[in-house]
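Summary of structural features
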Amino acid sequence: MPGRNPLAAVITTVPAEYESMRSHLPNLRDRIAGDHGLRIEVGALPGSGWQVALAESGEFGAPFAPLVNDIVHALHPDALLFVGIAGGLEEGLRIGDVVVATRVYAFRGGKLTPEGFYARPQSWHPSHRMLQAARYALHDTPRVFFKAIAAGDVVINSQQSSLLSQLKRHYNDAAAIEMEGAGMAHAGHLTAGVETLTIRGISDVANTAKDFEIHGGAQQYAAARAAEVAVAVLRKFDPLPDQSVDEAHYGGDHIDFRGSTFFGPVAGKVTAERPHGDDVNFGRRDLNEH
């Protein structure tokens with residue numbers, strides 16, 4: 001929106017995640033977003049041009065998407081980040097490692113037959129621009145991994161569970177598992193013009209007992225690392241410039257390719273008057289001209 005600082009909405013689900021992000025945001029002010037009474041706090045992120053709206057939604061699982069929609073429609077953010085903790089699936093991960101999601105799987109979909117379970121996965125990718133900014137911002141940050149994440153409203157408390165075997169068989173590129181990320185990723189996918197990214201700190205892994213001796217309070221430690229990574233990404237990420245147009249100099253029927261990726265042929269007439277670069281202008285009388 002013209003005349004305002006860019007706004008990033010950061011969504012968390014548990015207090016440790018919320019407080020870790022909040023520690024980076026001085027001078028917060030309260031407001032309510034949407035029709036579900038979700039309270040948020042908004043403040044400037046030091047060292048950047050971003051305003052950050054911080055929300056703690058709670059562990060909603062599947063109904064998570066309507067709350068994300070409330071935030072999007074109430075605040076019109078430029079970026080949407082889901083920041084918090086997750087369990088480690090991949091061998092070699094440690095408590096406090098951070099996974100930046102290259103895709104988010106909703107792993108509960110499938111068909112159970114007498115022959116076994118047939119997975120029917122859905123997955124969503126993050127914003128390409130924000131993912132590239134994250135790779136640049138985190139190039140020298142230790143123990144940060146760019147991997148897939150699996151999301152579903154279930155907790156795995158055994159390394160021998162059938163669900164864990166299913167994940168390793170059907171989603172073997174997933175490095176971490178958490179509960180609400182699919183709802184956020186789906187809502188972000190349905191919202192045009194919003195950059196999205198999921199960042200998860202690993203709070204439990206296969207060798208949990210050993211790591212707890214080193215890092216007492218695993219959730220707090222993992223949440224703090226995820227928040228640090230999110231802040232680093234925002235400080236290196238610039239939203240797209242305002243795309244508003246001066247209608248006095250750019251009227252009439254036209255197709256505008258600015259900021260877009262276009263595939264396929266188009267029928268029309270390219271005129272000599274192109275005040276704004278690579279536009280294809282259509283006068284109604286020209287639709288059948290070549």
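About the criteria used
Residues numbered from 1 in each chain as written. Predicted model: local features only at pLDDT ≥ 70, side-chain atom pairs only at ≥ 80, totals over all residues. Heavy atoms only, no water. Buried < 20%, exposed > 50% of the residue type's maximum accessible area, 1.4 Å probe, protein only. Helix = DSSP H or I, 4+ residues; strand = E, 2+ residues; numbered from the N terminus. Arc of directions from axis to C-beta. Contact = heavy atoms within 4.5 Å. Polar contact = N/O pair within 3.5 Å; in protein donor to acceptor, adjacent residues only side chain to side chain. Phe/Tyr/Trp six-rings, centres within 6.5 Å; stacked < 30°, edge-to-face > 60°. Lys NZ or Arg CZ within 6 Å of the ring centre and 35° of its normal. Core = buried A, V, L, I, M, F, W, Y, C linked by side-chain atoms within 4.5 Å. Axes fitted to C-alpha atoms, helices over the stretch in contact; angles between N-to-C directions. Parallel < 35°, antiparallel > 145°, perpendicular 65-115°, else oblique. Left-handed = near helix turned anticlockwise from the far one by under 90°. Nonpolar A, V, L, I, M, F, W, Y, C, P; charged D, E, K, R; others polar. pLDDT = per-residue confidence, 0-100. Pairing = 2+ DSSP bridges.

Quick notes on helix α3 (residues 128-137)
- Those residues of α3 lying buried are Met-130, Leu-131, Ala-133, Ala-134 and Ala-137. Taken around the axis of α3, the buried residues stretch over an arc of 160 degrees, which confines them to a single face. Exposed positions of α3 whose direction lies more than 90 degrees from the buried face are His-128 and Tyr-136.
- Those residues of α3 hidden inside the fold are in contact with β5 (79-88), β6 (98-106), β10 (144-151), β12 (195-204) and α7 (218-236).
- Of the residues flanking the start of α3, the one acting as N-cap is Ser-127, its side-chain oxygen 3.3 Å from the backbone nitrogen of Arg-129.

Points about the packing of aromatic side chains
- Scanning all chains against the criterion turns up 1 aromatic pair.
- Ring geometry for Trp-50 against Phe-237: centres 6.0 Å apart, planes inclined by 10 degrees, an arrangement best described as stacked. Here the residue Trp-50 occupies a position in the loop between β3 (38-44) and β4 (51-56), and Phe-237 occupies one in the loop between α7 and β13 (254-256), the gap between them amounting to 187 residues.
- A relative accessible area of 2% means that Trp-50 is categorised as buried.
- The exposure class assigned to Phe-237 is buried, which follows from its relative accessible area of 2%.
- Stacked on the ring of Phe-146, the Lys or Arg Arg-135 has its end atom at 4.6 Å from the ring centre.
- A cation over an aromatic ring shows up here: Arg-200 above the ring of Phe-82, its NZ or CZ 4.3 Å from the ring centre.

Digging into the nonpolar core
- Counting residues in hydrophobic clusters, the biggest one holds 31 residues, and the most contacted among them are Met-21, Leu-81, Val-100, Leu-138, Leu-197, Ile-199 and Val-229.
- A total of 7 residues in this core trace back to one element, the largest contributor, which is α7.
- The next biggest cluster of nonpolar side chains, apart from the first, holds 16 residues, and it includes Leu-7, Leu-38, Ala-55 and Leu-75.

Some words on the packing of helix α1 (residues 15-22) against α7
- Look at α1 against α7: their axes get within 8 Å of each other, and the N-to-C directions meet at 40 degrees. Here α1 is positioned oblique relative to α7, judged by the angle of their axes. Crossing of α1 against α7: the hand is right-handed. Contacts from Ala-16, Glu-17, Ser-20 and Met-21 of α1 reach α7 at Gln-219, Gln-220, Ala-223, Ala-224, Ala-227, Ala-230 and Val-231.
- Of the residues in the contact of α1 with α7, the class split is 7 nonpolar, 3 polar and 1 charged.

What to know about the packing of α3 against α7
- Interhelical geometry of α3 versus α7 gives an angle of 110 degrees and a closest axis separation of 8 Å. Between α3 and α7, the crossing angle belongs to the class labelled roughly perpendicular. Of α7, the residues touching α3 (which contributes Met-130, Ala-133, Ala-134, Tyr-136 and Ala-137) are Ala-232, Val-233 and Lys-236.
- Split into classes, the residues belonging to the contact of α3 with α7 amount to 7 nonpolar, no polar and 1 charged.

A few points about the confidence of the model for the protein chain
- On average, residues of the protein chain score 76 in pLDDT, and 59% of them are at 70 or above.
- Segment residues 243-250 is flagged for pLDDT under 50; beyond a separation of four residues in sequence, or across chains, it makes 9 contacts in the model.
- Here residues 277-290 scores under 50 on pLDDT; set against residues more than four positions off or in separate chains, the count is 26 contacts.

Notes on the environment of Leu-131
- Within the element layout of this structure, Leu-131 appears in helix α3.
- Remark: the alpha-carbon pair of Leu-131 and Val-100, spanning 31 residues in sequence, is separated by 8.3 Å.

What about the pairing of strand β1 (residues 7-12)?
- With 6 of 6 residues buried, β1 is to be regarded as a mostly interior element.
- Neither face of β1 is open: one carries Leu-7, Ala-9 and Ile-11, the other Ala-8, Val-10 and Thr-12, and all of them are buried.
- As paired strands, β1 and β4 are joined by 6 bridges and run parallel to one another. Within β4, the residue paired with Ala-8 across the bridge is Val-52.

Description of the pairing of strand β11 (residues 174-178)
- Counting buried positions along β11 yields 5 of 5 residues, so the element is predominantly enclosed.
- Relative to β11, β5 runs antiparallel, the two sharing 2 bridges. Paired with Gly-87 across the two strands is Ile-177, which belongs to β11.
- Pairing between β10 and β11: 4 bridges, direction parallel. By the bridge assignment, Ala-150 is partnered in β11 with Ile-177.

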